[in-house]
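The lines below spell out each chain.
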Amino acid sequence: DLIEKKKEFEKRNALIKDTNITFDENFYKYLYLIKKPDLKPKSWERYEGLYKNYISHAPFSYIKLKDLSYSDIQMWYKQSGITKSSLEIINRLIKASLNMAVKDKIISENIMKESYIKYKPKNTDYNVFTVKEQQIFINYLNSCSIKQEPFKYLFLFALGTGARLGEILALNKNDIVDNAVNINKSLHRIKKDNKYIQEITTPKTEQSERQIPLPKKIIDLLDEILNTDGNLLFPDEKTNTYIFINRPLRRLQAICKKLNINQISFHGLRHTYATRLFESNIQIKTVQKLMGHTDIQTTMNIYTHVMPNIIDDAVESLNKFL
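Residues numbered from 1 in each chain as written. Predicted model: local features only at pLDDT ≥ 70, side-chain atom pairs only at ≥ 80, totals over all residues. Heavy atoms only, no water.

**Overview of the nonpolar core**
The tendency in soluble globular proteins is for nonpolar side chains to be buried as a group.
(1) Moving on: Ranked by size, the top nonpolar core spans 50 residues in total, and within it Phe137, Leu154, Phe155, Phe157, Phe234, Phe266 and Leu269 carry the most contacts.
(2) Moving on: Top element by residues in this core is helix H7 (residues 152-161). It accounts for 7 residues.
(3) Moving on: Setting aside residues up to four positions removed in sequence, Leu154 forms contacts with Ile168, Leu169, Phe234, Ile243, Pro248 and Phe266.
(4) Moving on: Judged by nonpolar contacts, the second largest core, of 33 residues, contains Phe27, Tyr28, Leu31 and Met112. (Core = buried A, V, L, I, M, F, W, Y, C linked by side-chain atoms within 4.5 Å. Buried < 20%, exposed > 50% of the residue type's maximum accessible area, 1.4 Å probe, protein only. Helix = DSSP H or I, 4+ residues; strand = E, 2+ residues; numbered from the N terminus. Contact = heavy atoms within 4.5 Å.)

As structure tokens, then:
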């Protein structure tokens, strides 16, 4: 039982350099005492799940670190049946735990130092609205009252800011300042005490804290957007509290189906925002800042999806000189 194991572990001095320490004892110390304090609740839920469901049951779990071999772990990777996306995280955590053991002078080297698992989703296409689909979608929203379509302004705001769903749902009215929106928190659905709750946390990364200027068409709607009870910018229309995070996606896809356009995810609205910026020749670094991406490669991945169309347009522009 993990709770009993934790109690037993905490009785021992976590800093003792025990050369007989097992892989599991070392990994548990790393995950619960070193890594956990730095993680957001959503990430911790994922990491602890990987430990409980897979790592703690690994055949090498109770082997002493000094007797552990590279092949012990690699054979488990190949035979475990764990998805590659999960294995990528597991490998990263195991490497970090062994690094800690090296620094603690329990082992002399990290046997997994050269082990890399790169997960690349099979479908690398970005699900976005074409310009025509976006116009059909916006025309539909503009034809509806807020009673007919409770998420009308939320969807328009998403297309006008490129903000993540959790960032939008967490917004207060005082986050709108000088025709810009300050992104400084996020709403997440996390598991606590075996039940799911919604909780406000800091944004995904340091770069996620940002100010996004609002397009004029969104500024023109601000009086209507701000016309709600309470302080939330987008409250649930019935409870006046935070909107349940799964509702906007379900509604978005129902509208797309009704309009017979591409059924994109809510994150697809974010990618649509970035796509329109690239199509308008906005520089990559500017898009990165507006999107709150830590790594420019994430922004580049969207750009490379858009690039073929940009290249076609660029070549077509030569016609006026021929």
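**Let's talk about H7**
Three- or four-residue spacings in an α-helix give side chains the same orientation, since the helix completes a turn every 3.6 residues.
(1) Moving on: Burial of H7 is extensive: 10 of the 10 residues sit out of reach of the surface.
(2) Moving on: What H7 keeps buried is the set Lys152, Tyr153, Leu154, Phe155, Leu156, Phe157, Ala158, Leu159, Gly160 and Thr161.
(3) Moving on: Immediately beyond the C-terminal end of H7, within one or two residues, lies Gly162, with a positive phi of roughly 70°.

**Some remarks on the pattern of salt bridges**
(1) Moving on: Under the criterion given, the structure shown has 10 salt bridges.
(2) Moving on: Here Lys216 and Asp220 are joined by a salt bridge, their closest N and O atoms 3.0 Å apart.
(3) Moving on: A relative accessible area of 59% places Lys216 in the exposed class. (Salt bridge = Lys/Arg side-chain N within 4 Å of Asp/Glu carboxyl O.)

**Structural notes on the pairing of strand S3 (residues 186-192)**
(1) Moving on: Alignment of S3 against strand S4 (residues 195-201), held across 7 bridges, turns out to be antiparallel. Paired with Lys191 across the strands is Tyr196, a residue of S4.
(2) Moving on: The turn joining S3 and S4, which pair antiparallel and follow one another in sequence, is formed by 2 residues; a positive phi near 50° is taken by Asp193. (Pairing = 2+ DSSP bridges.)

**Some words on the packing of aromatic side chains**
(1) Moving on: Counted by the stated rule, this structure contains 15 aromatic pairs.
(2) Moving on: Centroid distance Phe151 to Phe155: 6.0 Å. Interplanar angle 75°. Geometry classified as edge-to-face. The residues Phe151 and Phe155 share a single accessibility class, namely buried.
(3) Moving on: With a centroid separation of 6.3 Å and an interplanar angle of 45°, the aromatic rings of Phe155 and Phe266 are classed as tilted. With Phe155 in helix H7 and Phe266 in helix H12 (residues 266-279), this pair connects stretches of sequence that are 111 residues apart. With respect to burial, Phe155 and Phe266 carry one shared label: buried. (Phe/Tyr/Trp six-rings, centres within 6.5 Å; stacked < 30°, edge-to-face > 60°.)

**Quick notes on the packing of helix H6 (residues 131-143) against helix H11 (residues 247-259)**
Two measures define how a pair of helices packs: the angle their axes make with one another and the distance between the axes.
(1) Moving on: In contact at an axis separation of 11 Å, H6 and H11 are set at 105° when each is read in the N-to-C sense. It follows from the interaxial angle that H6 and H11 lie roughly perpendicular. On H11, the residues touching Ile136, Phe137 and Tyr140 of H6 are Arg251, Leu252, Ile255, Lys258 and Leu259.
(2) Moving on: Of the residues belonging to the contact of H6 with H11, the class tally is 6 nonpolar, no polar and 2 charged. (Axes fitted to C-alpha atoms, helices over the stretch in contact; angles between N-to-C directions. Parallel < 35°, antiparallel > 145°, perpendicular 65-115°, else oblique. Nonpolar A, V, L, I, M, F, W, Y, C, P; charged D, E, K, R; others polar.)

**Concerning the layout of surface pockets**
(1) Moving on: In this model, the second largest pocket occupies a volume close to 550 Å³.
(2) Moving on: Taken together, 19 residues form the lining of the second largest pocket, with Gln134, Ile138, Gly160, Pro215 and Lys217 sitting closest to its centre.
(3) Moving on: For the lining of the second largest pocket, the elements supplying multiple residues, two or more each, are H6, H7, helix H9 (216-219) and H12.
(4) Moving on: At 5 residues, H6 tops the list of elements feeding residues into the lining of the second largest pocket.
(5) Moving on: Of the residues assigned to the lining of the second largest pocket, the class counts are 10 nonpolar, 6 polar and 3 charged. (1 Å grid on protein atoms, 1.4 Å probe; cavity = no way out; pocket = protein on both sides within 12 Å on 5 of 7 lines; lining within 4 Å. Points joined across faces, edges and corners; volume = space filled by probe spheres on them.)

**Re the pairing of strand S2 (residues 180-183)**
(1) Moving on: In the sheet, strand S1 (residues 176-177) pairs with S2 via 2 bridges, with the strands oriented antiparallel. From the neighbouring strand, Val177 faces S2, where its bridge partner is Ala180.
(2) Moving on: Remark: 2 residues form the turn of the hairpin made by S1 and S2, two consecutive strands paired antiparallel; Asp178 in that turn has positive phi of roughly 50°.
(3) Moving on: Where S2 meets strand S5 (residues 210-213), 4 bridges bridge the pair, whose relative direction is antiparallel. Bridged to Val181 within S5 is Ile212.

**Side note on the confidence of the model for the protein chain**
(1) Moving on: The predicted model of the protein chain has a mean per-residue pLDDT of 88, with 89% of residues at 70 or higher.
(2) Moving on: Confidence, expressed as mean pLDDT per element, reaches its minimum in the protein chain at helix H1 (residues 2-11) with 60 and its maximum at H7 with 97. (pLDDT = per-residue confidence, 0-100.)

**Remarks on unusual backbone geometry**
(1) Moving on: You will see that Lys105, though not glycine, has its phi angle at about 60°, which is positive.
(2) Moving on: Along the chain, the position of Lys105 falls in the loop between helix H5 (84-103) and H6.
(3) Moving on: The class of Lys105 is exposed, set by a relative accessible area of 66%.
(4) Moving on: The phi angle at Asp178 is positive, at roughly 50°, despite the residue not being glycine.
(5) Moving on: Mapped onto the fold, Asp178 is located in the loop between S1 and S2.

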